Structure formats: C-alpha cells, structure tokens
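Architecture at a glance
So you can see what is in the structure, the chains are spelled out below.
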Amino acid sequence: MSNGLDIPDGARILVSRTDRIGDLLLALPLAESIKLRHPRCEVHMMASLYASPVLEHNSGIDGIVRVQMDQLIGNGRYRSELQGKIVTAGYHVAVVLYPEPHICRLLYRAGVPHRIGTSRRFHSFYFNHHVHHSRKSNRRHELEYNLDFLKFFATGATAGRPRVFLSDRDREGADRLLLARSVGGDFVVIHPG
C-alpha cells in the first residue's frame, strides 16, 4: 500500500545521509529511484563533507549539500548559514535516512513541508511522515531499509545497486596510487569497517 506524497513537477527533494561513506553509498539506490520515479523533480543529497565526493558525476543526483558535522553541532553561525541554504533551495521533501538530531532539527526549522524519517527515536517528532522499522536487529540489508522510504513516492522503477561514477582524473590518480604500491591486475578490497 502506498502512502505516496503529492509531489509536483519541478519540486526539489533532499535525501540526507550524513554519516559514513559506506552508508552513503547504500543510500544511492533510494535517491536514484526517486529520480527515476520523479524525473521532472530535482533530487539533491545531503552528505558529510568527507563522504560527499562519491556523489559526484552521478546523473541521478542533481545537487549535493555538503555538511561539516562538527561545525553543525558546535557552531551556531555555520548552523544558521546552512539553514539559510536549505530555505533558499526550497526543498519540498526531505528524506532523512540517518536521523542525527541536529539534521532533523535543521530541516524542521528550515520549514521543509514534508520531512520523512524513522519513528522510534526521541527526535522523530521533527518528522511529519514516518517509516516504522528498526535497524537494531539487522534482519535486512541497509540498502533494503533505505528503499522502505520509497513508499512516499510514485510507483515505478527501482535502482538496483550503488554505483560510483569516476572522472578520468579520479581513475588516473587511482592508477598512480596502485602502481606506487605494486598493485596490478584484478584484486579485491576488503573494508571491514
């Protein structure tokens, strides 16, 4: 059953994932799916400054809002300026995948009309639309939890897996780094986190 929001053409939609780089990658199918289902809307992503480069060159992402979390938490001027940017951007919907309290409060104070987040945290009152699930038991993959938020959007195609789009400069830099460490041919990177 869909609880789809009425999202007009031309609306701006913000998907927020401000924690780690791996979690941001697993949020990409949600953002790309929203873009597929609402092609006449702009889909922006809010990410931590350090993780945000993985969003670059992605045609499913129309804009990136980079956040310095330490500044958001401890610097009132920075917080006020970021809130002003959110207001100016005029987002119609904000989807908060990692409900960090400062982000939730920021989007509420910025007056984003539709704020979507999980329901089981103290600061969930900042949201006016809720997804009822708990990640504590880890019964599903993080990507699947993220796709639960699609219930608020039009039905349609769903992006399958996370993709990163590298520029030629990115590839050349990686090739130099691997060559300097005598890594060649096929290899696997394991990142236990």
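Residues numbered from 1 in each chain as written. Predicted model: local features only at pLDDT ≥ 70, side-chain atom pairs only at ≥ 80, totals over all residues. Heavy atoms only, no water.

Quick word on the overall build of the protein
Condition: In this description a helix means any DSSP run of H or I spanning at least four residues, a strand means any run of E spanning at least two, and both kinds are numbered starting from the N terminus. For the radius of gyration, the atom set is restricted to C-alpha positions; the globular benchmark scales as 2.2 Å times the number of residues to the power 0.38. Throughout, exposure labels follow a simple rule: accessible area from a 1.4 Å probe, protein chains only, divided by the maximum for the residue type, with under 20% read as buried, over 50% as exposed, and the rest as partly exposed. Contacts: residue pairs with any heavy atoms within 4.5 Å of one another. Each accessible area is a Shrake-Rupley estimate made with a 1.4 Å probe; only the visible protein chains count as cover when residues are assessed. Asp and Glu count as negative and Lys and Arg as positive, but His and the ends of the chain are not part of the count. Charge coordinates come from a single atom per side chain, which is NZ of Lys, CZ of Arg, CG of Asp or CD of Glu.
Counting its regular elements, the protein contains six helices and six strands. When its helices and strands are written in sequence order, the protein yields β-α-β-β-α-α-β-α-β-β-α-α. Here the C-alpha radius of gyration of the protein, 18 Å, is about what a compact globule of 193 residues would show, namely 16 Å. For the C-alpha atoms alone, the extent of the protein along its principal axes is close to 55 × 40 × 35 Å. Taking all 193 residues of the protein together, the buried fraction comes to 44%. For the protein, contacts bridging at least 24 residues in sequence account for 57% of all contacts bridging at least 6. Only carbon and sulfur atoms are counted for the fraction: they give 51% of the accessible area of the protein, which is about 11,000 Å². Here the protein carries 26 positive and 19 negative side-chain charges, and the mean point of each set is 7 Å from the other.

A look at the nonpolar core
Using the following cut-off: Each nonpolar core is a collection of buried residues, namely Ala, Val, Leu, Ile, Met, Phe, Trp, Tyr and Cys, held together in the definition by side-chain atoms within 4.5 Å.
With 28 residues, the main nonpolar core has Val15, Met45, Val95, Ile116 and Phe153 as its most contacted residues. Secondary structure elements with two or more residues in this core: strand 1 (12-17), helix 1 (21-37), strand 2 (42-48) and strand 4 (91-96). Of the residues forming this core, the biggest block, six residues, is contributed by helix 1. Contacts of Met45, omitting those with residues within four sequence positions, involve Leu14, Val15, Leu24, Ala27, Leu28, Ala31, Leu55, Ile61, Gly63, Ile64 and Val65. Counting residues in each nonpolar core, the second largest holds 21 residues, with Met69, Leu82, Leu106 and Val112 among its members.

Describing the side chain of Thr18
Along the chain, Thr18 turns up in the loop between strand 1 and helix 1. Note on Thr18: relative accessible area 5%, which makes it buried. Dropping the residues within four chain positions of it, Thr18 is found in contact with Met46, Ala47, Ser48, Met69, Tyr98 and Ile103.

As for the packing of aromatic side chains
This is how it is decided: Here a pair means two rings of Phe, Tyr or Trp (six-membered ring of Trp) with centres within 6.5 Å. Their orientation is stacked below 30 degrees between planes, edge-to-face above 60, and tilted elsewhere.
Counted according to the given criterion, the structure contains three aromatic pairs. Ring geometry for Phe122 versus Phe125: centroids 6.0 Å apart, planes at 80 degrees, classification edge-to-face. We note that Phe122, like Phe125, is exposed. Members of the aromatic cluster, joined through ring pairs, are Tyr108, Phe122, Phe125 and Tyr126.

Let's talk about the pattern of salt bridges
Short version of the rule: Salt bridge, as used here: a side-chain nitrogen of Lys or Arg that lies within 4 Å of a carboxyl oxygen of Asp or Glu.
Scanning all chains against the criterion turns up 11 salt bridges. When the shortest N-O distance is used, the salt bridge between Asp19 and Arg17 registers 2.7 Å. The exposure class of Arg17 is buried, given its relative accessible area of 4%. Across the pair Arg77 and Glu81 runs a salt bridge, and its minimum N-O distance is 3.2 Å. Placement of the pair is Arg77 and Glu81 together in helix 3 (residues 76-89), with a separation of four residues, close to one helical turn.

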